[in-house]
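Topology and contacts: notes
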Amino acid sequence: MRFVFTRLFYVLLVLGFIPLSLSWGRPALRWATFAFDAALLLAALIDARTSHWPAGVSVLREFGGRFAVGAETEVRLRVLNNTPRVMTLMLKDEYPPQMRPAGTREGRVQAEAQMSAALAYGLTPPSRGRFEFGQIAVRYLSRLGLVWRETRLGQPVAVKVYPNMRRAREAELKALGARSLVTAHRKTSWRGEGREFESLRDYVRGDELRHVSWSATARRGKLVTRQYQIERDQMIIIAIDAGRLMTARIENETKLDSAVHATLALMSAAARGGDNAGIVVFGRRIKTYLPPKRGGEHMDAALEALHAVEPEMIEPSYARAFQFIAANCKRRALVVLLTDLVDEEGSKDLLTSLKLLRPRHLPLVVTISDRDLKAAVRDVPTTVPQLFTQSVAEEIMHQREAALRLVESQGGLALDVTAAALAPSLLEKYLQVKERGLL
């Protein structure tokens, strides 16, 4: 039994000692004072023992929504009082220590009879994954008001922290601009160099002759051009490397975190463009696979699949990843590989494994470069250590550029960007693929 004396108890205790100042030569008054204080202490102990947690009162923890990286979510401790008397409680929540609180997680709540009251505060998770809330510590006022009884309610609760979908949509809007808005509100597709016929129109100087419809020209007696729209219902497979190099941290997140948010941005853009997108996360083996689809439920499934993915200190197997994709995706697809390349050995493994995708699929290799690496090459060295650092940086960048050029020579596409520019650059590349009809 745990309890704490209330202010009322201490006030009565002090008042009980006042007669001691008048007890000189009056032993009866002294004994009366001691008897009062002893009775007060005994009453407090009995009050603490008999004041059990009311059966009609409950404390619930509620969340304002699902947790997302870097986004504040409200946590509410709600007191439901179904008893005929007022309940005064002191609440203290045990939130995950990794999360940043906004406001206070503890406070005093007074719930009127047959009413409810709440204590709310905010939490901001720093990363994806699973986090655990402990029990709710509660102090409640005893029947006589002499002590605060202490108890703990509820069970530890694990919550999932998902990637920040708002961040992904902001990257999509930044990259696609008006084109994204158009596809969000209209069923028509972007016009481009796709292969899906849309309509006929009069020939305009500058139109390619291969687009002229000679049968329509013969019927109308004037040149008529076929107009195409970007094809819909195409396939995109996003392969995320969860190996050693993706553990590198850029500011407050890993390269894998940047890849995850870029993946969600691309999936959202693909859905708006009428395409199906899937996910493969791999290290030495396949860790996660989400078949290509689109729609709200599919985006929720993507968040679920990516929320707990973490990089490992192992070398990835591009061969296993590409074999898996080739076996599970029979239709031609744009295969986007989000990875990093530093050493020559890793580059050779990637280039050798690309043969498993070509010619059925179109690979797009996206490497996440380091901003510090480019800064080391840009600055003029002034000391011997800086000279060695710049030499190593130049060698790494040379190997990376050589590997990406070899990707392009094998019929693939390549993109080397920093983490900050990853999502916008990837979406722009996706649009170029669609507009040029490369799929």
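Cut-offs used in this document
Residue numbers run consecutively from 1 along every chain, following the written order of its sequence. Totals for whole chains, interfaces and linings use every residue, but because this is a predicted model, local features are given only for residues with pLDDT of at least 70 and side-chain atom pairs only at 80 or more, for both listing and counting. Calculated side-chain values reflect all of the structure's heavy atoms, with hydrogen atoms and water omitted. Here, strands pair whenever DSSP counts at least two bridges between them. Strands are runs of DSSP state E lasting at least 2 residues, helices are runs of H or I lasting at least 4, and numbering of each runs from the N terminus. As a rule, the C-alpha atoms of each element are fitted with a line to give its axis, helices using only the stretch in contact, and angles between N-to-C directions run from 0 to 180 degrees. The contact criterion used is simple: two residues touch if any of their non-hydrogen atoms lie within 4.5 Å. Think of it in three bands: with a 1.4 Å probe and only protein chains considered, a residue is buried below 20% of the maximum accessible area for its type, exposed above 50%, and partly exposed in between. Of the grid points, spaced at 1 Å and generated over the protein atoms alone, those admitting a 1.4 Å probe that cannot get out make up cavities, while open sets with protein on both sides within 12 Å along at least five of seven lines make up pockets; any residue with an atom within 4 Å of a point is treated as lining. Grid points are joined across faces, edges and corners, and a volume is the space filled by probe spheres set on the points. Three residue categories are used. Nonpolar comprises Ala, Val, Leu, Ile, Met, Phe, Trp, Tyr, Cys and Pro, charged comprises Asp, Glu, Lys and Arg, and polar comprises the others, including Gly. The reported arc concerns the directions from the helix axis to the C-beta atoms and nothing else. pLDDT expresses how confident the predictor is about each individual residue, on a scale running from 0 to 100. Patch definition: residues with relative accessible area over 30% and no salt bridge; like charges joined within 9 Å; nonpolar side chains (Val, Leu, Ile, Met, Phe, Trp, Tyr) joined within 5 Å. Here the Shrake-Rupley method, with its probe set to 1.4 Å, supplies the accessible areas, and only the displayed protein chains count as covering residues. Throughout this description, the term salt bridge denotes a Lys or Arg side-chain nitrogen within 4 Å of a carboxyl oxygen of Asp or Glu. Classification of ring pairs uses Phe, Tyr and Trp, with its six-membered ring standing for Trp, and accepts pairs whose centres are within 6.5 Å; under 30 degrees between planes counts as stacked, over 60 as edge-to-face, and the remaining range as tilted. For a lysine, the NZ atom is tested; for an arginine, the CZ atom; a charge sits over a ring if that atom is within 6 Å of the ring centre and within 35 degrees of the ring normal.

What follows covers the sheet that holds strand E5 (residues 87-93). The antiparallel open sheet is built from 5 strands, whose spatial order is E1-E11-E10-E5-E7. Pairing within the sheet leaves two strands with one partner each, and these edge strands are strand E1 (3-5) and strand E7 (106-111). The average undirected angle you get between the axes of adjacent strands in this sheet is 25 degrees. The sheet contact formed by E5 and E7 spans 6 bridges and is antiparallel. Within the sheet, the bridge partner assigned to lysine 92 lies in E7 and is glutamate 106. Lying on the sheet, helix H2 (residues 27-50) is in contact with E1 and strand E11 (147-153); it crosses E11 at an angle near 25 degrees.

Attention shifts here to the side chain of threonine 263. With respect to the element layout, threonine 263 can be found in helix H6 (residues 255-272). The exposure class of threonine 263 is buried, given its relative accessible area of 0%. When sequence neighbours within four positions are dropped, the list of residues in contact with threonine 263 reads Ile238, Ile240, Ile279, Leu306 and Leu338.

It is a probe the size of a water molecule, rolled over the atoms, that shows where empty space is left. Within this model, the largest pocket holds a volume of roughly 410 Å³. The wall of the largest pocket is formed by 20 residues, among which Arg167, Glu253, Ser258, Ala419 and Ala420 lie closest to the centre. Counting only elements with at least two residues in the lining of the largest pocket, the list comes to helix H3 (165-176), H6 and helix H12 (422-435). Taken together, the residues of the lining of the largest pocket sort by class into 9 nonpolar, 5 polar and 6 charged. For the second largest pocket, the full set of lining residues is Arg2, Met90, Leu91, Lys92, Glu106, Gly107, Ala137, Val138, Arg139, Glu150, Thr151 and Arg152. Looking at the lining of the second largest pocket, the elements that each hand over two or more residues are E5, E7, strand E10 (136-141) and E11. Within the lining of the second largest pocket, the residues separate by chemical class into 4 nonpolar, 2 polar and 6 charged.

A word on helix H7 (residues 296-306). Burial in H7 covers these residues: His298, Met299, Ala302, Leu303 and Leu306. Down the axis of H7, the buried set is contained in an arc of 145 degrees. They therefore lie on one face. Residues of H7 that are exposed and point more than 90 degrees away from the buried face comprise Gly296 and Glu297.

Overall, the predicted model of the protein reaches an average pLDDT of 85, with 89% of residues at or above 70. In this model residues 180-194 is a low-confidence stretch, pLDDT under 50, and it forms 36 contacts with partners more than four residues away in sequence or in other chains.

On to a nonpolar patch on the surface. A cluster of nonpolar side chains, Val11, Leu15 and Ile18, forms an exposed patch at the surface whose accessible area comes to about 260 Å². With respect to the element layout, isoleucine 18 can be found in the loop between helix H1 (7-17) and H2.

Across all of its chains, the model carries 12 aromatic pairs by this definition. Look at phenylalanine 282 and tyrosine 318: their rings are 6.0 Å apart centre to centre, the planes differ by 65 degrees, and that puts the pair in the edge-to-face class. With phenylalanine 282 in strand E18 (residues 276-282) and tyrosine 318 in helix H8 (residues 318-328), this residue pair connects regions lying 36 residues apart in the sequence. Accessibility classification places phenylalanine 282 together with tyrosine 318 in one group, the buried group. The structure contains a cluster of three or more aromatic residues connected by ring pairs, namely Phe3, Phe5, Phe9 and Tyr10. Above the plane of the ring of tyrosine 162 lies arginine 66, whose end atom (NZ or CZ) is 5.4 Å from the centre.

With that settled, the discussion passes to H8. Of all the residues in H8, the buried ones are Tyr318, Ala321, Phe322 and Ile325. For H8, the angular spread of the buried residues around the axis is 90 degrees, confining them to a single face.

Scanning the model with the defined rule gives 18 salt bridges in all. A salt bridge links aspartate 93 to arginine 61; the nearest nitrogen and oxygen atoms lie 2.7 Å apart. You can see aspartate 93 sitting in strand E5 and its partner arginine 61 sitting in strand E2 (residues 57-63), a full 32 residues away along the chain. The exposure class assigned to arginine 61 is buried, which follows from its relative accessible area of 16%. The shortest N-O distance in the salt bridge between lysine 434 and aspartate 275 comes to 2.8 Å. Placement of the pair is lysine 434 in helix H12 and aspartate 275 in the loop between H6 and E18, with a sequence separation of 159 residues. By relative accessible area, lysine 434 is classed as buried at 3%. According to the relative accessible area criterion, aspartate 275 is buried, its value standing at 1%.

It is worth spelling out the sheet that holds strand E4 (residues 73-81) at this point. A sheet is described by the order of its strands in space; here 4 strands give the open sequence E2-E4-E8-E6, paired in antiparallel fashion. Unpaired on one side and paired on the other, E2 and strand E6 (100-102) mark the two borders of the sheet. Going from strand to strand, the sheet's axes swing by 25 degrees on average, the running direction of each strand aside.

Now for unusual backbone geometry. The residue after arginine 358, namely proline 359, is reached through a cis peptide bond having omega 5 degrees. Mapped onto the secondary structure, proline 359 falls in the loop between helix H9 (344-353) and strand E21 (362-369). One non-glycine residue, glutamine 114, adopts positive backbone phi at about 60 degrees. Here glutamine 114 is to be found in the loop between E7 and strand E8 (116-124).

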